[in-house]
Amino acid sequence: MSEVTTPYEPGTPCWTDLMVPNQQAALDFYRDLLGWQGEVGPEEFGGYSMCTLRGKAVAGIMKTPEMEGQPSPPPAWTTYFTSADADATQAAINANGGKVIVPVADVGTIGRMLVAADPQGAVFGVWQAKDFAGAQIVNEPGALVWNQLQTPDVDGARAFYKAALGLDSGPMPELPEFVGFQVKGRTIGGVQGMANLPEGTPPNWLVNFSVDDVDSTVDALVRSGGNVLAPAFDMEKIGRMAVLQDPQGGVFAVVSLASAG
């Protein structure tokens, strides 16, 4: 069942959003690629778009804010982790070598959020739910299915995310090149080193969206002006995957999971 009906456990990825210079172009692109519906939101929330699938929230898209005297951050997808207390999480991030980029703030009545970077530089968000818990559909085509950290220091990352977010970690037999992050014994994401990634790739959290057919999704992306960073490849017992870049530079992956049994 892919509709989320219970609250996310603290430490679980609960949301992802994209920051880009041209918000409307991104809304059009992801509508065509993943079937999302969304429009520029109210001014009081900076025009933030809540994108939906079958009328239920799956991801956000926002316009890059203009910051006087500072270069604009590059287009990027951000993974948000659930917290029962965003202020306590912020303190734990600071105490364990992380860097808070956007301090804890209320988002209307829907929740509290912050954005930070881990000690290696990978950016992530934290979400404390009030009226909005996060993605209402996951693990089905058009929705978030997996979050993976790509870092030069796997052991350092494991220690940081345990201290900051309470994440346990351990081997993933089905994906031996990964270490799994776990919440209450359930694997909620993974971490891998960067030896096989292109030189110059910064540490990052890569969001993975489920699709019915990776190859046709890649073809559609190319026709729409996107780039293929890692062409479609098969993962034994898992499915098929490709790493892509939207026309404005946002990097994400698409995965078609092998059917069970």
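Described in the following lines is the structure provided in the data block. (Residues numbered from 1 in each chain as written. Predicted model: local features only at pLDDT ≥ 70, side-chain atom pairs only at ≥ 80, totals over all residues. Heavy atoms only, no water.)

1. Description of the environment of Val40
Here comes step 1: Within the secondary structure, Val40 is located in the loop between α1 (23–34) and β2 (49–53).
Here comes step 2: Note: C-alpha distance between Val40 and Gln24 (16 residues apart in sequence) is 7.1 Å. (Helix = DSSP H or I, 4+ residues; strand = E, 2+ residues; numbered from the N terminus.)

2. Here we look at the environment of Leu144
Here comes step 1: Inspection of the secondary structure assignment puts Leu144 in strand β8 (residues 144–150).
Here comes step 2: The exposure class of Leu144 is buried, given its relative accessible area of 5%.
Here comes step 3: Considering only alpha carbons, one finds Leu144 and Pro13, 131 residues apart in sequence, at a separation of 9.5 Å.
Here comes step 4: In this view, Leu144 contacts Thr16, Val138, Asn139, Val207, Asn208 and Phe209; residues no more than four positions away in its chain are not counted. (Buried < 20%, exposed > 50% of the residue type's maximum accessible area, 1.4 Å probe, protein only. Contact = heavy atoms within 4.5 Å.)

3. Comments concerning the nonpolar core
One broad rule of soluble globular proteins: the nonpolar side chains tend to lie buried together.
Here comes step 1: Ranked by internal contacts, the top residues of the largest apolar core, which has 29 residues, are Tyr30, Trp36, Ile61, Trp77, Phe209 and Phe252.
Here comes step 2: Contributions of two or more residues to this core are made by β1 (13–20), α1, β2, β3 (56–63), β12 (204–210), α4 (214–223), β14 (239–245) and β15 (251–257).
Here comes step 3: Among the elements that make up this core, the one with the highest residue count is α1 (6 residues).
Here comes step 4: Residues contacting Trp36, with those up to four places away along its chain left out, are Tyr30, Arg31, Cys51, Thr52, Leu53, Val58, Ala59, Ile61, Trp77, Gly142 and Phe209.
Here comes step 5: Grouped together as the second largest cluster of nonpolar side chains are 23 residues, Ile93, Val126, Ala157 and Phe160 included. (Core = buried A, V, L, I, M, F, W, Y, C linked by side-chain atoms within 4.5 Å.)

4. Observations regarding helix α3 (residues 154–165)
Here comes step 1: If you check α3, its first and last C-alpha atoms are 16 Å apart, about what 12 residues at 1.5 Å a residue would give, namely 16 Å.
Here comes step 2: Gly166 sits one or two residues past α3 and shows a positive phi near 75°. (Expected span 1.5 Å × (residues − 1).)

5. Structural notes on the sheet that holds β8
Remark on secondary structure: sheet strands pair via backbone hydrogen bonds, oriented parallel or antiparallel.
Here comes step 1: With respect to topology, 8 strands assemble into an open sheet ordered β9-β10-β11-β8-β12-β15-β14-β13, the strand pairing being mixed. Two strands lie at the open edges of the sheet, namely β9 (168–171) and β13 (227–235), each paired on one side alone. This sheet shows a mean twist of 30° between the axes of neighbouring strands, independent of strand direction.
Here comes step 2: Looking at chain direction, β12 and β15 are connected through 3 bridges and run parallel. When the sheet's bridge partners are listed, Ser210 is paired in β15 with Val255.
Here comes step 3: Across the sheet, α3 touches β8, β9, β10 (179–183), β11 (186–192) and β12, and the angle it forms with β10 is around 5°. (Pairing = 2+ DSSP bridges. Axes fitted to C-alpha atoms, helices over the stretch in contact; angles between N-to-C directions.)

6. A word on the pattern of salt bridges
Here comes step 1: The tally for this structure, following the rule as stated, stands at 11 salt bridges.
Here comes step 2: In this structure, Asp106 and Lys130 form a salt bridge, with 3.2 Å as the shortest nitrogen-oxygen distance. With Asp106 in strand β5 (residues 99–107) and Lys130 in the loop between β7 (123–129) and β8, this pair connects stretches of sequence that are 24 residues apart.
Here comes step 3: What makes Asp106 partly exposed here is its relative accessible area of 47%.
Here comes step 4: Taking the shortest distance from any N to any O, the salt bridge between Lys162 and Asp168 comes out at 2.6 Å.
Here comes step 5: Within this structure, Asp87, Asp106, Arg112 and Lys130 form a network of salt bridges that share partners. (Salt bridge = Lys/Arg side-chain N within 4 Å of Asp/Glu carboxyl O.)

7. Focus: the packing of helix α2 (residues 86–95) against α3
Here comes step 1: Relative orientation of the contacting elements α2 and α3 amounts to 150°, with a least axis distance of 8 Å. With respect to α3, the axis of α2 lies roughly antiparallel. Between α2 and α3 lies a crossing whose hand is right-handed. Across the interface between the two elements, Thr89, Ala92 and Ile93 of α2 pack against Phe160, Ala163, Ala164 and Leu165 of α3.
Here comes step 2: Classifying every residue of the contact of α2 with α3 by side-chain character gives 6 nonpolar, 1 polar and no charged. (Parallel < 35°, antiparallel > 145°, perpendicular 65-115°, else oblique. Left-handed = near helix turned anticlockwise from the far one by under 90°. Nonpolar A, V, L, I, M, F, W, Y, C, P; charged D, E, K, R; others polar.)

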